[in-house]
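# A closer look at the structure
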Amino acid sequence: QVQLVESGGGLVQPGGSLRLSCAASGSIFSINVMGWYRQAPGKERELVAAITTGGSTNYADYVKGRFTISRDNAKNTVSLQMNSLKPEDTAVYHCNVEGLLTWKRSSFRSWGQGTQVTVSS
């Protein structure tokens, strides 16, 4: 009922930048939180950054000062600008959206399929 389409991953050299984007569509009444998680090989999925409808943000310590999350409430999109990328940022990045469906205002939490980010020289 909710579809997430991610874009923007790829291969970049250390110190470089990438911008990830995610668009949500479907039977959405409202979206509360939009965020990005990542999962590296052999590791658990972890929060990278999240943003509320009002614009409050939460970042993992290891990306503070390097990554910036933003959203367009009118378009149901969220973006992650990643600067000063490091090899340890290599992972599959997943978009995550939480909100209410139009059907009975029931809550939902949806995940994108993920986009690969590889930081390597």
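Right above here is the structure, for reference.
The present account deals with the structure reproduced in this document. (Residues numbered from 1 in each chain as written. Predicted model: local features only at pLDDT ≥ 70, side-chain atom pairs only at ≥ 80, totals over all residues. Heavy atoms only, no water.)

## A few points about the state of the cysteines
- Enumeration over the complete set of coordinates arrives at one disulfide.
- A sulfur-sulfur distance of 2.1 Å marks the disulfide that ties Cys-22 to Cys-95. Torsion about the S-S bond of the Cys-22 and Cys-95 cystine: about -80°, corresponding to left-handed handedness. Taken together, the residues span a long stretch of sequence, with Cys-22 in strand 3 (residues 18–26) and Cys-95 in strand 9 (residues 91–101) at a distance of 73 residues. (Disulfide = S-S within 2.5 Å. Helix = DSSP H or I, 4+ residues; strand = E, 2+ residues; numbered from the N terminus.)

## Focus: the pairing of strand 4 (residues 28–39)
- Bridging between strand 4 and strand 9 involves ten bridges; their strand directions are antiparallel. The partner of Arg-38 across the bridge, within strand 9, is Tyr-93.
- Bridge count for strand 4 against strand 5 (residues 46–52) is six bridges, and the pairing is antiparallel. Residue pairing in the sheet places Gly-35 in a bridge with Ala-50 of strand 5.
- Taking the residues that link successive antiparallel strands as the turn, the strand 4-strand 5 hairpin has six residues, and the phi of Gly-42 there is positive, at about 80°. (Pairing = 2+ DSSP bridges.)

## As for the sheet that holds strand 1 (residues 2–7)
- Here four strands make up an open sheet; going across it, the order is 1-3-8-7 and the pairing antiparallel. In this open sheet, the two strands that pair with only one neighbour each are strand 1 and strand 7 (67–72). Taken pair by pair, the neighbouring strands of this sheet meet at an average axis angle of 15°, ignoring direction.
- Relative to strand 3, strand 1 runs antiparallel, the two sharing six bridges. Pairing of Leu-4 across the sheet is with Ala-24, part of strand 3. (Axes fitted to C-alpha atoms, helices over the stretch in contact; angles between N-to-C directions.)

Keep in mind that these numbers describe shape and distance, not what the molecule does.
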